[in-house]
Amino acid sequence: MVSIRFHGRGGQGAKTASRIAGTAAFLEGFTAQDSPLYGAERRGAPVSASTRIDRKPIRERGVIARPDLVMIADASLIPDPSARVLEGVDERTVVFVNSPLAADQARAQFSIPGRVTTLDLTGIALEHFGKRGAISALLGAVAGRLAGLRQGSIREAIARELTDLGLAPPVIERNQTVAARCFEAVQPVELDVGARQAMAVAQLRAPTYEPPTKGTAGITAGPNSAIRSMSGWRTFRPVLNPELCNGCWLCFANCPEGAITIKPDGKPAIYYPHCKGCLDCVEVCPTDAMTVERETEAANNT
Amino acid sequence: MNKMNQTSQMMTGNLAAAWGARLADVDYIPGFPITPQTEIVETLSKWCDSGEVNARFVTLDSEHSMMTAAGAAAATGARVFTATSSQGLLHAFEVLYTVAGWRVPFVLVNVSRALASPITLEPDHNDVLAARDSGFLQIHAETCQEVLDSILMAYRIAEDPRVCLPAMVNLDGFYLSFTREPVIVPDPQAVKTFLPPFRPAHLGFKGSAPRALGPAVFGGSVYSYFRHQMHLAAMNGLQVHEEAAVEFERLFGRRYGLVEAYKLDDAEDVLVMTNAFASKGKAAVDAARAEGKRVGLLRLRVIRPWPAEAIRQALQGRRAVAVLDQNLAPGQGGILYQEIAACLYHGAQRPRALCSFIGGLGGKNISEGEFRSVFEQTAEAGARGTGIGPVLLYTEGEHREMEQLQYLAHDLKTGK
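These numbers come from a predicted model, not from an experiment.

K.L.:
What am I meant to see in the overall build of chain A here?
P.N.:
Per the secondary structure count, chain A includes nine helices and 11 strands. The globule rule puts the C-alpha radius of gyration for 302 residues at 19 Å, and the 21 Å found for chain A is close to it. Expressed along its principal axes, the backbone C-alpha trace of chain A runs to roughly 65 × 60 × 35 Å. Long-range contacts, defined here as pairs at least 24 residues apart, represent 69% of the contacts in chain A between residues at least 6 apart. Total accessible area on chain A is roughly 15,400 Å²; 53% of this is exposed by carbon and sulfur atoms. Across chain A, the centroid of the 34 positively charged side chains sits 4 Å from that of the 31 negatively charged ones.

Next comes the structure, spelled out in structure tokens:
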């Protein structure tokens, strides 16, 4: 069995990429299973998805604990402990990172124990689509290539999955074309899917009763969202050009994180530590005063 | 505090429930009317208005809101009472589980009424037993006196730091709710001794100290821990109930067990029942004993936590046991029968036959003749060594009336 785990941020297309890989394998006659995991839907929040491919019936469910291949759509997830991107990764695991960095650089910078491959999917998407958007087709194509699937089945899988999402045929075609380039830009690797060591019998713990102060699900530590930085969630950042701003406050009203405040002069200001890069403010700005800049791995610490 | 101060008066089960809340000196009563419960909240609203009860009474827009208000008020550290029935309980169902997870002790009285459809007003226990897995403790009462006493005990058990779960006290609609019988009203000073002021360490909202109850947890292990704590808390209720029962007897002279044994000592066959119809069951036991049959009755009083050991003790070594469920799980049978069977399974001396009877659905009477049939079939099953059921208690005569109704409802109109 080949086990592929995808990691991305809500809106990037990790779930769809996982489905593209699953559908492509299915079309080639494999037994396939794809299964996403996300919490309360929130753009920018960590998302993972698992695709399993085998010749035999798949007797597994849920998140892949020991992946053969990890597909990382957003490198900013790697240091986030809640995203568990490197869980179960060891030296035999193949790890793909969507990054302009070279494989060795990425391996060193993110301390990845596995065999690393990189490609700047975001840069390719910007170049060919001319705008920010989901990279599901590109990520799915690279996953398929690394897992040894055929280009034709991936092309068909992209059509099926993007049609399901309601995309127009010309958009789907463009995705197929760019995905084919990504497919060719990556070399297939030998996945080590050999026998695993059996797990030891679990030591079960019989919980004892604890007083309600401990045993009740509650938080008394007070508001803590102020100290939670969401800078790492951004692939892109909104930037305000005050010259073009007409002071309509639509960005302020639409920011889902309350990261935009109004200054005494009536103009908005973005508080970047709470900005998750959803770019809703850019969408609603009537005067194009909000522009978009791509974050780089090293720079988005503000 | 002495027992002489206890005076008795004629009162309905509903009035007895209101008295329970009054004596518990509750702070907050969210209410919503529903037959056959309305008299409880009506009485309490009157007492709140007259100042006899020093509580805030609020009418909510539904039972869902009512139960949310009850849980939220209890989370502030207030002592809360509320009541509902049947469809109302089901409307509040989502919130039952939610507030139980908040570990907020308050008392909810449910006046049992069979569930739609078809709609009716009279009792069976599909309403209260549907809530058996919610995390609420459950005490089921046989008499109006027991309704009042159980509310006081329920507060004491629910508020104990070893438990801290909400509690439900159940009484049968009509057969108790609207039925008057003599009830001793406990001395309020003695009740204050029995129920000290509610001071929960883990509850109490303040504007200056915000807190979140029941926040989101993902991944399953954190959830497992908290849900299992609820199980342990409910199981602690068995011991806490016993302690409360001892103290209650000391102060008021009445003793309540987790289960009640009626003429069990030499009984070879045992009938298991709950709630008001257990009175009829006891009369049936007396009648059968007059004919020389060695039968007895086990009344289940505390349903959650499930007193498995007490039930095993009472039923082991019997020839046959008949569980009379006043409920029906379609596609399964009697609800309590399943739980009794499970807790007897590992007993060394489990009864030779375990029989399941379904009776009193929608408040249908269980006649003397039907009880005779139950005892007869149970004795035969015991002699044979194999159980039977589920057997519906529903007579030939009743079916003739049913056919007449079907004729009126269909054939007469269509002229067939």
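K.L.:
Sorry, what's going on with the sheet that holds strand S14 (residues 320–325) of chain B here?
P.N.:
Neighbouring strands of a sheet are bound in pairs by backbone hydrogen bonds; such pairs are parallel or else antiparallel. Residue and element names in this part refer to chain B. Strand order in the open sheet formed by six strands is S10-S12-S11-S14-S15-S16, with mixed pairing between adjacent strands. The sheet is open, and its two edges are formed by strand S10 (259–262) and strand S16 (391–392), each paired on a single side. Bridge analysis of S14 against strand S15 (residues 353–358) gives six bridges, and the strand direction is parallel. Residue Leu 324 lies in a different strand from S15, and its bridge partner there is Phe 357. Across the sheet, helix H11 (residues 308–315) lies against S10, strand S11 (269–273), strand S12 (295–300) and S14, angled at about 175 degrees from S12, the strand it touches most.

K.L.:
What is the right way to read the side chain of B:Ser134 from this model?
P.N.:
All names here are of chain B. For Ser 134, the location among the structural elements is in the loop between helix H6 (126–130) and strand S6 (137–140). Classification of Ser 134 as buried rests on a relative accessible area of 0%. At a separation of 2.8 Å, a polar atom in the side chain of Ser 134 contacts the main-chain carbonyl oxygen of Ala 131. A polar atom in the side chain of Ser 134 sits 3.3 Å from the backbone nitrogen of Phe 136. Apart from residues no more than four positions distant in its own chain, Ser 134 is found in contact with Leu 96, Tyr 97, Ala 100 and Met 230.

K.L.:
Could you clarify how one ought to interpret the pattern of salt bridges in this entry?
P.N.:
Oppositely charged side chains may form a pair once their charged atoms are brought near each other. Enumeration according to the criterion identifies 39 salt bridges over all chains in this entry. With its nearest N and O atoms 2.9 Å apart, the salt bridge here joins A:Glu210 to A:Lys214. For A:Lys214, a relative accessible area of 52% puts it in the exposed group. Measuring nitrogen to oxygen at the nearest pair gives 2.7 Å for the salt bridge that ties B:Glu309 to B:Arg312. One end of the pair is B:Glu309 and the other is B:Arg312, both in helix H11 and three residues apart, which spans about a single turn. Owing to a relative accessible area of 42%, B:Glu309 belongs among the partly exposed residues under this scheme. A relative accessible area of 24% means that B:Arg312 is categorised as partly exposed.

K.L.:
Help me out: how do you make sense of the domain arrangement of chain A in this one?
P.N.:
When the parts of a complex come together, some accessible area is lost, and that lost area is often used as the size of the interface. Residues and elements named next belong to chain A. By the assigned domains, chain A splits into domain 1 (2–185) and domain 2 (228–294). With centres defined by C-alpha atoms, the gap from domain 1 to domain 2 works out at 29 Å. Each partner contributes residues to the interface: domain 1 has 16 residues there, and domain 2 has 14 residues. Together domain 1 and domain 2 conceal approximately 1,200 Å² of surface at their shared face, both sides included; 46% is due to carbon and sulfur atoms. Residue Arg 294 is joined to Asp 120 by a salt bridge in which the shortest nitrogen-to-oxygen separation is 2.8 Å. Our enumeration of links across domain 1 and domain 2 arrives at six residue pairs in polar contact (both at pLDDT 80 or more). Element by element, the count of residues in the side of domain 1 that touches domain 2 is highest for helix H3 (residues 121–129), at three residues. Of the residues that constitute the side of domain 1 that touches domain 2, the class distribution is four nonpolar, five polar and seven charged.

K.L.:
Just checking my understanding: could you explain the interface of chain A and chain B for this structure?
P.N.:
The partner chain B presents 23 residues to the 16 residues of chain A that form the contact. Taken together, the two surfaces of chain A and chain B that pack against each other cover about 1,500 Å², and 63% of this comes from carbon and sulfur. Our count for the contact surface shared by chain A and chain B stands at zero salt bridges. Counting across the chain A and chain B interface gives eight residue pairs in polar contact (both at pLDDT 80 or more). At the level of secondary structure, the elements contributing two or more residues to the side of chain A that touches chain B comprise helix H7 (212–215) and strand S7 (218–219) of chain A. Among the elements that line the side of chain A that touches chain B, the one with the most residues is H7(A), at four residues. Here the side of chain A that touches chain B is built from residues that sort into seven nonpolar, seven polar and two charged.

K.L.:
Please explain helix H10 (residues 277–290) of chain B as it appears in this structure.
P.N.:
Since one α-helical turn is 3.6 residues long, residues separated by three or four positions face the same way. Residue and element names in this part refer to chain B. With 14 residues, H10 ought to run about 20 Å at 1.5 Å a step, and its terminal C-alpha atoms sit 20 Å apart, in line with that. Residues of H10 that are buried include every one of Phe 277, Ala 278, Gly 281, Lys 282, Ala 284, Val 285 and Ala 288, and no others. The arc enclosing the buried residues of H10, seen along the axis, measures out at 160 degrees, which places them on a common side. On the buried face of H10, the contacting elements are strand S7 (167–172), S10, S11, S12 and helix H13 (368–384). Where H10 terminates, the next one or two residues include Gly 292, which has phi positive at roughly 90 degrees.

K.L.:
Could you clarify how one ought to interpret the domain arrangement of chain B in this entry?
P.N.:
Residue and element names in this part refer to chain B. One can read the domain layout of chain B as domain 1 (3–252) and domain 2 (259–398). In this structure, domain 1 and domain 2 have C-alpha centres spaced 28 Å apart. Each side of the interface is counted separately: domain 1 has 30 residues, and domain 2 has 28 residues. For the pairing of domain 1 and domain 2, the buried interface totals around 2,200 Å² over both sides, and the portion due to carbon and sulfur atoms is 50%. A per-residue breakdown of the area domain 1 buries against domain 2 is headed by Arg 132, Glu 142 and Tyr 175, which together make up 27% of the total. Applying the counting criterion to the domain 1 and domain 2 interface returns six salt bridges. Note that Glu 142 and Arg 299 form a salt bridge whose closest N and O atoms lie 3.0 Å from each other. Inspection of the domain 1/domain 2 interface yields 21 residue pairs in polar contact (both at pLDDT 80 or more). Sorting the residues of the side of domain 1 that touches domain 2 by element identifies H6, S6, helix H7 (144–159), S7 and helix H9 (221–252) as the ones contributing at least two each.

Calculation notes
- Sequence order as written defines the numbering, with residues in each chain counted from 1.
- In the order they appear in the text, chains get letters beginning with A and ligands get numbers beginning with 1.
- Where local features are concerned, this predicted model is filtered to residues with pLDDT of at least 70; where side-chain atom pairs are given and counted, the filter is 80 or more; whole-chain, interface and lining totals use all residues.
- With hydrogens and water stripped out, all remaining heavy atoms of the structure feed into the side-chain values.
- Strands are runs of DSSP state E lasting at least two residues, helices are runs of H or I lasting at least four, and both sets are numbered from the N terminus onward.
- We take the radius of gyration over the C-alpha atoms and set the globule estimate at 2.2 Å times the residue count to the 0.38 power.
- Here, residues are in contact when the closest pair of their heavy atoms is within 4.5 Å.
- To be clear on the numbers: accessible area is Shrake-Rupley with a 1.4 Å probe, and residue cover counts the displayed protein chains and nothing else.
- When charges are counted, Lys and Arg are positive and Asp and Glu negative, with His and the chain ends excluded.
- Every charge is mapped to an atom, namely NZ of Lys, CZ of Arg, CG of Asp or CD of Glu.
- Strand pairing is assigned whenever DSSP identifies at least 2 bridges connecting the two strands.
- Axis angles are defined between N-to-C directions and span 0 to 180 degrees, where every axis is a line fitted to C-alpha atoms and, for a helix, only to the segment in contact.
- The buried label goes to any residue with under 20% of its type's maximum accessible area, the exposed label to any with over 50%, and the partly exposed label to all in between, with areas taken from a 1.4 Å probe on protein chains only.
- Under this definition, polar contacts are N or O atom pairs within 3.5 Å; protein pairs additionally need one hydrogen-donor-capable and one acceptor-capable atom, and for neighbouring residues in sequence, both atoms have to be side-chain atoms.
- Counted as salt bridges are all cases of a side-chain nitrogen of Lys or Arg within 4 Å of a carboxyl oxygen of Asp or Glu.
- Start and end points for every domain follow an automatic or database-based domain assignment.
- Two parts lose some accessible area (1.4 Å probe) when they are put together, and adding that loss for both gives the buried area.
- When residues are grouped by polarity, Ala, Val, Leu, Ile, Met, Phe, Trp, Tyr, Cys and Pro land in nonpolar, Asp, Glu, Lys and Arg in charged, and all others, Gly among them, in polar.
- A helix is expected to span 1.5 Å multiplied by its residue count minus one.
- This arc is built from the directions going out from the helix axis to the C-beta atoms.

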